[in-house]
Structures are given as structure tokens and as C-alpha cells.
Amino acid sequence: MWMTIFSIVISGLITNNIIFSQTLGICPFLGVSKKLDSAVGMGLAVTFVIVLSSVVCHYLYMLLELAELTYLQTIIFILIIAALVQLLDIVLKKASPSLYTSLGVYLALITTNCAVLGTANNVVAEGYGILETVVAGLSVGLGFTLALILMAGVREKTQRAVIPKPFQGFPIALIIAGIMAMAFSGFNGLFA
Amino acid sequence: MNGKTLRNAALGGILNNPVFVLVLGMCPTIAQSNSIINAFGLGCATAVVLVFSNIAISLLRKVIPDKVRLPAYIVIIATFVTIVQMVISGFLPELYASISSFIPLIVVNCIILGRAESFASKNSVLASAVDGLSMGIGFILSITLLGAIRQGLGAMGLSLFVQPAGGFIVLGFVMALFNCLMGIFKNRHKTLMEA
């Protein structure tokens, strides 16, 4: 039991990192990794949505299985995620206006973050129980945050570097991400 | 409806290439470009969804209220994705086995929602269909090109390039090359770009 939980945590955080190993959620990873503080805010907001949506999707999939409507999985899941993001938008606006303004437009973009839908699909496909679902959602989200923070740290430095014109912007960010992914692939098979 | 809109829509796949210029839909591009077959298969599935969702959204653009347009678009897109998923799992089970986890994720591919929001919701059905087709072909070409480069390098024994790390690096270099070529092209054909 504890071993399973432990391996889910390690796999979500490092060996099966959502960005570097599964290559999901690249758009916000490239878009929001220019500054350290917005990277942290985005990472935590995405973590929150991933955990919540995985849990809701976990229960809804049980209902769909009972009703033999599993082919509706994609449509239902994306609607749930869109509704949750909208809910988070309303709650944050009331509860914490400062965080709300600092997240800005990125909040709405969480809906189209494929890390969220991808994790919900993975969790359902693996047939996890509720505890495992929460742990998996949390560790995938924190793995995303970790990748975002690491990337932001490097990119803040590259702003002062001399980069050939065609490589400026996204190309150099992709190459940096590739080198980081190489480092992460070194962890493969660590706790297999 | 005029010729200029149509021509711009038809050239959009190259001049505004979704992968190399707009930098949309990165996740499937990197994840599924590890072989030519996977890349081409997923590219075609995405293009089909793109064309049909562009047509449907353009037809419904006067019916959908502005406030609920995003959820409405997502439901339309998800419907076409489900249809494509059923067709591929029914007729091409081998392809389905290797790209199945990425087919549902076509829903959240920003190329599709991006074209719906910025083009299909404002233009006629014909122009939207042409735009979808051109963007779809642009996406198929770029993801297949990446798949060919990565599979080729992998076959030479550089197994790194078949892994995600190689996907990031190859995409970075191809994007830089594309930027470079587009810079030269734009200088030569300034009048075409401004038209």
C-alpha cells in the first residue's frame, strides 16, 4: 500500500514528469516560465485543478461505467474541467483578489492545458482508488510546478545571454527544455 | 466574402504555420513525432477535427450567444473528437493502439480552439473550411517532418532523438530554421506579406 503510494509520488514528480517525460502541458510551460513568481502561481493553480478534476472525473467515470456510456468520457471530462476552472475563477475573485490579478489570463487557459485532461484520463485508465487518485493528481501537479520553476530559473538567466536571432524566444526555450528532459530521463528506472 | 480573405486563409497553413509560427499544439507535436506513422496518423486526426469543427462553428456563429461561446465550442470539438476516436479504433486498430492516449487530447489542442475563436466565429462557412484545411495540412506537414527527422536520427543509432528530450531539441532547431527562412522570404516578398 505505502509502496504503491510512494512509487506514484516519485513517478509523478520525477521519473514520469508530466512535462519532461509525458510532454503534456507544454503550452503553459513555455508561455508562463519567463518569470519565477508567475511560474509558482501558475503551477499551484494547475495543481489545484488537476487534483479536483481527477477526483471528480474518478467518480463520474464510475457513473458512466454503470450507465454504459463510457464513450462520452472525453466530452464529460472536458466539461467538468471547464466548469471547475470557472468555479475557481469565481471563488478566487471573491476570496483572494491579489492572487486573482496576478494569475490574470492564465487562469482561463488552464481549461486547455492538456496536463489536466491527460491526468484525468490516465488516472481513470489506471483504475486507481480514491486515495491513489488524490496522490497521483497532487504529485503530477507538483511535478508540473517543479518543471515550471526550474525552467523559469534558467530563462531569467538567458534574457541576458547573447542568442542568435533565429533562436530567440521559443526555439532556445525548447532546446533548454530538451536538455532538462535529458537530465530527467537519467532518473528512469529509479523506482520501477 | 472576398478573394483576399480566401487567399489569406489558404496560405495560412504555411505563413502562419500552427506549429512553427503560432507555437500552438506543442504537446502532441513533441509526444507523437517519434515515428512517421504516429505523426502522420495524429496529424490527420487533428486536421479532420479542425476542418469539421471550423465548419460547424462557422455555421452556428450567429446562434451561439457570446457569453457561452467557449463551452459551446469545446462541446462541438469534443463531439468530433469522439467520432474520430470511434472511427480510428474501429478501422485502424493498430494505429489506435499507439496513439490512443493522445486522441482525446485533440480536444485541448490549442490549434483547434484558436482557429474557432479567431477565424471560424467571424467568417463564412467556405472561408472557415479553407482555413481549417490549410491549417490542418500545415500541422500534418510539420508534425510529419519532425517525425521523419526523429525516426531517421533514431534509426542511425541516436536513440536520444526518439525520446521526449530529442523531441524538444529537434523542434527547437527546426523552428529556428523556419524562422530564418521566413525572415529571408519576408524580406524578398514584402508586398505579398503586406497585401
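Residues numbered from 1 in each chain as written. Chains lettered and ligands numbered in written order. Predicted model: local features only at pLDDT ≥ 70, side-chain atom pairs only at ≥ 80, totals over all residues. Heavy atoms only, no water.

Draft legend 1. Structural detail: the overall build of chain B. For chain B, the helix and strand inventory stands at 9 helices and 0 strands. N-terminal to C-terminal, the α/β element order of chain B is α-α-α-α-α-α-α-α-α. A compact globule built from 195 residues should have a C-alpha radius of gyration of about 16 Å, and chain B, at 17 Å, falls within 12% of that. Expressed as a percentage of the 195 residues in chain B, the buried residues total 49%. (Helix = DSSP H or I, 4+ residues; strand = E, 2+ residues; numbered from the N terminus. Rg over C-alpha atoms; globule rule 2.2 N^0.38 Å. Buried < 20%, exposed > 50% of the residue type's maximum accessible area, 1.4 Å probe, protein only.)

Draft legend 2. Unusual backbone geometry, seen in detail. You will see that A:Thr23, though not glycine, has its phi angle at about 45°, which is positive. Relative to the helices and strands, A:Thr23 is located in the loop between α1 (2-15) and α2 (26-31). In this structure A:Thr23 comes out as buried when scored by relative accessible area, which is 2%. For B:Val23, which is not glycine, the phi dihedral falls at a positive 50°. Assessed through its relative accessible area of 11%, B:Val23 is described here as buried.

Draft legend 3. Quick look at the interface of chain B and chain A. With 33 residues of chain B at the interface, the matching set in chain A holds 32 residues. When the two sides are added together, the surface that chain B and chain A hide from each other amounts to roughly 2,800 Å², 85% of it contributed by carbon and sulfur. Taken as a group, B:Cys27, B:Val108 and B:Phe168 account for 23% of the area that chain B buries against chain A, more than any other trio of residues on that side. Scanning the region where chain B abuts chain A turns up 0 salt bridges. Here chain B is connected to chain A by 1 residue pair in polar contact (both at pLDDT 80 or more). Contributions of two or more residues to the side of chain B that touches chain A are made by α2 (26-31), α4 (69-91), α6 (110-120) and α8 (164-188) of chain B. Of all the elements, α8(B) adds the most residues to the side of chain B that touches chain A, at 11 residues. Taken together, the residues of the side of chain B that touches chain A sort by class into 27 nonpolar, 6 polar and no charged. (Contact = heavy atoms within 4.5 Å. Buried area = accessible area lost by both parts, 1.4 Å probe. Salt bridge = Lys/Arg side-chain N within 4 Å of Asp/Glu carboxyl O. Polar contact = N/O pair within 3.5 Å; in protein donor to acceptor, adjacent residues only side chain to side chain. Nonpolar A, V, L, I, M, F, W, Y, C, P; charged D, E, K, R; others polar.)

Draft legend 4. Seen up close, the pattern of salt bridges. All names here are of chain B. Here the structure, examined in full by the defined rule, presents 3 salt bridges over all chains. The partner of aspartate 66 in a salt bridge is arginine 69, and the shortest N-O contact between them spans 3.6 Å. Looking at aspartate 66, the relative accessible area reads 58%, which means it is exposed. Across the pair glutamate 117 and arginine 69 runs a salt bridge whose closest N-O atoms are separated by 2.7 Å. Pair noted here: glutamate 117 is in helix α6 and arginine 69 is in helix α4, with a separation of 48 residues, a long-range link. Classification of arginine 69 by relative accessible area gives partly exposed; the value is 24%. By sharing partners, the salt bridges in this structure join Asp66, Arg69 and Glu117 into a single network.

Draft legend 5. Highlighting the nonpolar core. Formed by 98 residues in total, the largest nonpolar core has its most connected members in A:Ile19, A:Phe20, A:Phe29, A:Ile110, B:Phe168 and B:Leu171. Filtering out sequence-adjacent residues up to four positions away, A:Phe29 remains in contact with A:Ile19, A:Phe20, A:Ala147, A:Leu148, A:Met151 and A:Ala177. (Core = buried A, V, L, I, M, F, W, Y, C linked by side-chain atoms within 4.5 Å.)

Draft legend 6. Molecular detail of the side chain of A:His58. Residue and element names in this part refer to chain A. Here histidine 58 lies in helix α3 (residues 36-66). Polar contacts involving the side chain of histidine 58 include one to the main-chain carbonyl oxygen of tyrosine 128, which spans 3.4 Å. In contact with histidine 58, not counting residues within four places along its chain, are Tyr128, Gly129, Ile130 and Thr133.

Draft legend 7. Region of the structure containing the packing of aromatic side chains. Inspection of the entire model under this criterion finds 7 aromatic pairs over all chains. Plain terms: the ring middles of B:Phe52 and B:Phe80 are 5.9 Å apart, the flat faces sit at 25° to each other, and that makes the pair stacked. Taken as a pair, B:Phe52 in helix α3 (residues 36-59) and B:Phe80 in helix α4 lie far apart in primary sequence, 28 residues in all. Relative accessible area serves as the criterion here: at 45%, B:Phe52 is assigned to the partly exposed category. Through a chain of ring-to-ring contacts, three or more aromatic side chains come together here, namely A:Phe20, A:Phe29, A:Phe184 and A:Phe187. (Phe/Tyr/Trp six-rings, centres within 6.5 Å; stacked < 30°, edge-to-face > 60°.)

Draft legend 8. Highlighting the environment of B:Met156. Residue and element names in this part refer to chain B. Counting through the fold element by element, methionine 156 comes out in the loop between α7 (125-155) and α8. Classification of methionine 156 as exposed rests on a relative accessible area of 65%. On a C-alpha basis, the gap between methionine 156 and cysteine 27 in space is 25 Å, while along the polypeptide they are 129 residues apart.

Draft legend 9. Molecular detail of the packing of helix α4 (residues 73-95) of chain A against helix α7 (residues 114-126) of chain A. Residue and element names in this part refer to chain A. At their nearest, the axes of α4 and α7 sit 10 Å apart, and the two run at 130° to each other. Considering the angle they form, α4 stands oblique to α7. By crossing handedness, the relation of α4 to α7 is classed as right-handed. Contact with α4, carried on its side by Gln73, Phe77, Ile78 and Ile81, involves Val116, Leu117, Ala120, Asn121 and Val124 of α7 and no other residues of that element. Its residues placed into classes, the contact of α4 with α7 shows 7 nonpolar, 2 polar and no charged. (Axes fitted to C-alpha atoms, helices over the stretch in contact; angles between N-to-C directions. Parallel < 35°, antiparallel > 145°, perpendicular 65-115°, else oblique. Left-handed = near helix turned anticlockwise from the far one by under 90°.)

Draft legend 10. Fine view of the confidence of the model for chain B. For chain B, per-residue confidence averages 87 on the pLDDT scale, and 96% of positions sit at 70 or higher. Of all helices and strands in chain B, the one with the weakest mean pLDDT is helix α9 (residues 190-194) of chain B (59), whereas α3(B) scores best (94). (pLDDT = per-residue confidence, 0-100.)

Draft legend 11. Up close: a nonpolar patch on the surface. Residues and elements named next belong to chain A. Residues Met1, Trp2, Tyr59, Met62, Ile130, Leu131 and Val134 make up a contiguous nonpolar surface patch of about 750 Å² in total accessible area. Counting residues per element, the ones that place at least two in the nonpolar patch are α3 and α8 (130-158). Considering every element that reaches the nonpolar patch, the biggest residue donor is α8, with 3 residues. Inspection of the secondary structure puts methionine 62 in helix α3. Note on methionine 62: relative accessible area 43%, which makes it partly exposed. (Patch = residues over 30% accessible without salt bridge, like charges linked within 9 Å, V, L, I, M, F, W, Y side chains within 5 Å. Areas by Shrake-Rupley, 256 points an atom, 1.4 Å probe, with all protein chains shown as cover.)

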